[in-house]
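If you want the building blocks of each chain, they are given just below.
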Amino acid sequence: QVQLVESGGGLVQAGGSLRLSCAASGSIFSINTMGWYRQTPGKQRELVAIMPRGGNTNYAESVKGRFTISSNYAKNTVYLQMNSLKPEDTATYYCRAEGIRGGAGSYIIGSWGQGTQVTVSS
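An account of the accompanying structure is given in this report. (Residues numbered from 1 in each chain as written. Predicted model: local features only at pLDDT ≥ 70, side-chain atom pairs only at ≥ 80, totals over all residues. Heavy atoms only, no water.)

## A closer look at the overall build of the protein
Phase 1: Scanning the protein from terminus to terminus reveals 0 helices and 11 strands.
Phase 2: The N-to-C order of helical and strand elements in the protein reads β-β-β-β-β-β-β-β-β-β-β.
Phase 3: Against the compact-globule benchmark of 14 Å for 122 residues, the protein has a radius of gyration of 14 Å, which places it among compact chains.
Phase 4: Projected onto the principal axes, the alpha-carbon positions of the protein cover approximately 50 × 25 × 25 Å.
Phase 5: Residues classed as buried in the protein amount to 42% of the 122 residues present.
Phase 6: Counted over contacts in the protein with a minimum sequence separation of 6, partners at least 24 positions apart contribute 56%.
Phase 7: Only carbon and sulfur atoms are counted for the fraction: they give 48% of the accessible area of the protein, which is about 6300 Å².
Phase 8: Taking the 11 positively charged and 6 negatively charged side chains of the protein as two groups, their mean positions are separated by 7 Å. (Helix = DSSP H or I, 4+ residues; strand = E, 2+ residues; numbered from the N terminus. Rg over C-alpha atoms; globule rule 2.2 N^0.38 Å. Buried < 20%, exposed > 50% of the residue type's maximum accessible area, 1.4 Å probe, protein only. Contact = heavy atoms within 4.5 Å. Areas by Shrake-Rupley, 256 points an atom, 1.4 Å probe, with all protein chains shown as cover. Lys, Arg positive; Asp, Glu negative; His and termini not counted. Charge placed at Lys NZ, Arg CZ, Asp CG, Glu CD.)

## Focus: the pairing of strand S8 (residues 77-82)
Phase 1: Where strand S3 (residues 18-26) meets S8, 6 bridges bridge the pair, whose relative direction is antiparallel. Looking at S8, one finds that Ser-21 is bridged to Tyr-79.
Phase 2: Judged from the 6 bridges that link them, strand S7 (residues 67-72) and S8 form a sheet pairing that is antiparallel. Paired with Thr-68 across the bridge in S8 is Gln-81.
Phase 3: Counted between consecutive antiparallel strands, the loop separating S7 from S8 contains 4 residues, among which Asn-76 sits at a positive phi close to 55°. (Pairing = 2+ DSSP bridges.)

## Points about the sheet that holds S7
Each strand in a sheet pairs with its neighbour through backbone hydrogen bonds, running either in the same direction (parallel) or in the opposite one (antiparallel).
Phase 1: Here 4 strands make up an open sheet; going across it, the order is S1-S3-S8-S7 and the pairing antiparallel. This sheet does not close on itself; its edge strands, each paired only once, are strand S1 (2-7) and S7. On average, adjacent strands in this sheet sit at an angle of 15° to one another, irrespective of strand direction. (Axes fitted to C-alpha atoms, helices over the stretch in contact; angles between N-to-C directions.)

## What to know about the pattern of salt bridges
Phase 1: By the definition in use, this model includes 5 salt bridges.
Phase 2: Here Arg-38 makes a salt bridge to Glu-46, at a shortest N to O gap of 2.7 Å.
Phase 3: Overall, the relative accessible area of 6% leaves Arg-38 in the buried class.
Phase 4: You can call Glu-46 partly exposed: its relative accessible area is 37%.
Phase 5: The salt bridge partner of Arg-38 is Asp-89, with a shortest N-O separation of 3.0 Å. Taken together, the residues Arg-38 in strand S4 (residues 30-39) and Asp-89 in the loop between S8 and strand S9 (91-101) connect sequence positions 51 residues apart. (Salt bridge = Lys/Arg side-chain N within 4 Å of Asp/Glu carboxyl O.)

## A few points about the side chain of Ser-111
Phase 1: The residue Ser-111 is located in strand S10 (residues 107-112) in this model.
Phase 2: Taking relative accessible area as the criterion, Ser-111 reaches 12% and is therefore assigned buried.
Phase 3: Excluding anything up to four places from it in sequence, Ser-111 contacts Val-2, Leu-4, Cys-95, Arg-96, Ala-97 and Ile-100.

## Re the state of the cysteines
Phase 1: Following the criterion strictly, the structure yields 1 disulfide and no others.
Phase 2: Note that Cys-22 is cross-linked by a disulfide to Cys-95, the S-S spacing being 2.0 Å. Judged by the torsion about the S-S bond (-80°), the Cys-22/Cys-95 disulfide is left-handed. Here Cys-95 lies in strand S9 and Cys-22 lies in strand S3, a separation of 73 residues in the sequence.
Phase 3: The buried category is assigned to Cys-22, whose relative accessible area is 2%.
Phase 4: In this structure Cys-95 comes out as buried when scored by relative accessible area, which is 0%. (Disulfide = S-S within 2.5 Å.)

Right, here's the structure in full:
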């Protein structure tokens, strides 16, 4: 069993900043990839940023230059620094972990956090 817990969402004015955090816990030996997705009502969940262990980061075009993902795989944590926020960034942000190896040889393809709401007012 793996749990992902996000924090750091909230209400901010356009142009402001927020920092999201996500910590994975449970029976974890290693995680291959951690990242962030977001979703608004009636739309599909979309990639915001992803940071594979030892690999290249990938950002959605809409957030490049404004958002920065970072991670600490030794602590199974991932962060998202969001600057110059726009009203269109308003969404529920979800943490994602993929390729989770646990105790006794267990393997989980992917796991989601419960989501944290980010609201940007104009």
